Amino acid sequence: MNCQSTWYCLITWGNWIEFYFYQNVLKGTAKKESSASNDEIDNLEITLNAFSLVTITDLRGNITFVNQKFCNLSKYSKDELIGKNHRFLKSDYHSSDFFTHLWSTISSGKIWHGSIKNKAKDNSFYWIKTTIIPFFKSGKISKYVSICQDVTDEISLSKKMISAEKFSTVGEFTSRLAHDLRNPLAIIQITLENFKIL
């Protein structure tokens, strides 16, 4: 796909739904040729905002646009987020190498996909599955658009399942150990049988 074209294909991670929309829709500067195209652009914007968390940043990562769904998850108002750098939401979970890779990817004009753990206004944490798309104007990157999905519940469930598996393994080991300790004669008998074989 040519990301420098007028139309962009934004692929969300969830259902791999493709949204095609004009590069300036979210800033409200798209030139509208007819009421049919206006309706189409408006409907695509409504769909995108209903399905995803959306932010737009300048080249330094300062937030210039944020949709209400993102505000609801982060627990910050639009006024509190606009003008702030995305680092403002950093949870300190990820290494500096993680962010170096992210920035080198998007600043080279490539699309970045990954999961990020952020910190909300109330100091709670949330996970977002994120796609960051560099937008071009006159052949140069002009802004970054981030399309995200809240995956906090999925990651929490995954961690619980891993923890349950660990407890299950520890439980089985403990059960065998307890059984062996209660039956020392069985251990002695097996040991004696092994000596007979030798």
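Please refer to the structure higher up on the page.
Every value quoted in this text rests on a predicted model; they were computed, and no experiment measured them.

Caption draft 1: Representation of the environment of phenylalanine 65 in the model. If you trace the backbone, phenylalanine 65 turns up in strand β4 (residues 63–66). Sequence separation between phenylalanine 65 and lysine 78 is 13 residues, and the spatial gap between their C-alpha atoms is 8.1 Å.

Caption draft 2: Spatial organisation of the side chain of asparagine 85. Mapped onto the elements, asparagine 85 comes out in the loop between α3 (78–81) and α4 (96–107). On the basis of relative accessibility, which here comes to 14%, the residue asparagine 85 falls in the buried class. Polar side-chain contacts of asparagine 85 include one of 3.3 Å to the side chain of asparagine 62. Within the local environment of asparagine 85, its side chain forms a polar contact with the backbone nitrogen of arginine 87, the two atoms lying 2.9 Å apart.

Caption draft 3: View of the nonpolar core. Counting 21 residues, the largest nonpolar core has Phe70, Leu81, Tyr126 and Ile128 as its most contacted members. Contributing elements (two or more residues each) for this core: β4, α2 (68–74), α4, β5 (112–119), β6 (125–137) and β7 (140–150). If we skip the residues at most four places from it in the chain, leucine 81 touches Ile63, Val66, Phe70, Cys71, Ser74, Tyr76, Phe88 and Leu89.

Caption draft 4: Spotlight on the pairing of strand β3 (residues 53–57). The buried fraction of β3 amounts to 5 of the 5 residues, a majority that puts the element mostly inside the structure. Side chains Leu53, Thr55 and Thr57 project from β3 onto one buried face, and the interleaved Val54 and Ile56 project onto a second face that is buried too. Pairing geometry for β3 and β7, over 5 bridges, is antiparallel. Its bridge partner lying in β7, threonine 57 is registered against tyrosine 144. Taken together, the 3 bridges between β3 and β4 define a ladder with antiparallel strand orientation. Its bridge partner lying in β4, isoleucine 56 is registered against phenylalanine 65. Taking the residues between adjacent antiparallel strands as the criterion, β3 and β4 are bridged by 5 residues, where glycine 61 takes a positive phi near 90°.

Calculation rules
Residues numbered from 1 in each chain as written. Predicted model: local features only at pLDDT ≥ 70, side-chain atom pairs only at ≥ 80, totals over all residues. Heavy atoms only, no water. Helix = DSSP H or I, 4+ residues; strand = E, 2+ residues; numbered from the N terminus. Buried < 20%, exposed > 50% of the residue type's maximum accessible area, 1.4 Å probe, protein only. Polar contact = N/O pair within 3.5 Å; in protein donor to acceptor, adjacent residues only side chain to side chain. Core = buried A, V, L, I, M, F, W, Y, C linked by side-chain atoms within 4.5 Å. Contact = heavy atoms within 4.5 Å. Pairing = 2+ DSSP bridges.

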